[in-house]
Amino acid sequence: MKIGILGAGSIGGVVAQRLSASGHQVKIANSRGPETIPAEVLATGARAVSAGEVAADVDVLITSVPLVRVPDLKPLLEDLPAGAVVIDTSNYYPARDGHIEALDRGQVESRWVEEHLGRRVVKAWNAITAQSFVAYAGPSGTPGRIAIPVAADDDDERALGMSLVEQTGFEGFDAGSITDSWRQQPGTPVYCTDLTAEEMPSALGKAIAERSPKRRDLAMHVIAELMGDPTSELGKDFLVRVNRLIYV
């Protein structure tokens, strides 16, 4: 497939590496220009392009930028083919993004993204830490393999998202419609807690919409406090451990 990726950070960059290694024609862009894309992102065949080129003539466009920047992407989608599938990886963090009234009132994050992009989206790769995404990829059948929830309104688009998640080394889990995608937003039991496909259904069912934002913000405070303590011995999985304690 021809795949464009907007955003070369900790998720977008690794997605580019793994999908190009799987044989896809991948081009990737960021806001600073193709010359700033790290060499390791391009090591398996992805091609660095300008942001204005990334959406042209692709089958799939993956947006992997901070949620507050999503509205800025709309002009870049002008050349996106009508039949292309858009996959979004963003999450809402008021401490980083500033307060967005519609989301603070409870609008589903991916619905907000759809409104600002003017396109239907698939929600994927948002519910895993960058550390786990790098460290724990594995082939199908690996014991304890981590699952990543994938939500979309179109069944075929959801299946495509799950297939691409599989090709990045994780179990693609059918998390239902975009209306239900609040269940994989920050603060919910499946969010960055490294669950298996067997654990995923129960965790999705335990999500509480009213409590999730409070738990998201509490986790951010705890993480900031721990990271600010030079005596803390956090370990590589400390983000997942904090999330499991607060979210699950």
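Per-chain numbering applies: the sequence of each chain, read as written, is numbered from 1 onward. In keeping with the model being predicted, local features are shown solely for residues with a pLDDT of at least 70 and side-chain atom pairs are shown and tallied solely at 80 or more, while totals for entire chains, interfaces and linings include all residues. Side-chain metrics in this entry use all non-hydrogen atoms of the structure; hydrogen atoms and water are not considered.

**Topic: the environment of Arg 47**
Stated formally: Labels follow the DSSP assignment, with helices taken as runs of H or I lasting at least four residues and strands as runs of E lasting at least two, numbered in each case from the N terminus. Relative accessibility decides the category of a residue: with a 1.4 Å probe and only protein chains considered, values under 20% of the type maximum give buried, values over 50% give exposed, and everything between is partly exposed. Residue contacts are counted whenever heavy atoms from the two residues lie within 4.5 Å of one another.
You can see Arg 47 is positioned in strand E3 (residues 47-48). On the basis of relative accessible area, Arg 47 is assigned to the partly exposed category, the value being 49%. C-alpha separation for the pair Arg 47 and Ser 181, spaced 134 residues apart in sequence, amounts to 31 Å. Those residues in contact with Arg 47 that lie beyond four places of it in its chain are Val 26, Lys 27, Ile 28 and Leu 42.

**A short note on the side chain of Ser 181**
By the secondary structure assignment, Ser 181 is in the loop between strand E8 (171-174) and helix H7 (200-205). Overall, Ser 181 belongs to the buried group, its relative accessible area being 1%. Dropping the residues within four chain positions of it, Ser 181 is found in contact with Val 108, Ser 110 and Ala 151.

**Some remarks on the UniProt feature "domain: Pyrroline-5-carboxylate reductase catalytic N-terminal" (unreviewed entry) in the protein chain**
The following threshold applies: UniProt positions are given in the numbering used here, feature names are shortened, and annotations may be inferred rather than shown by experiment.
Following the UniProt record, one finds the feature "domain: Pyrroline-5-carboxylate reductase catalytic N-terminal" (unreviewed entry) at residues 2-92. Across residues 2-92 one finds 11% helix and 22% strand; the C-alpha atoms that close the span lie 28 Å apart.

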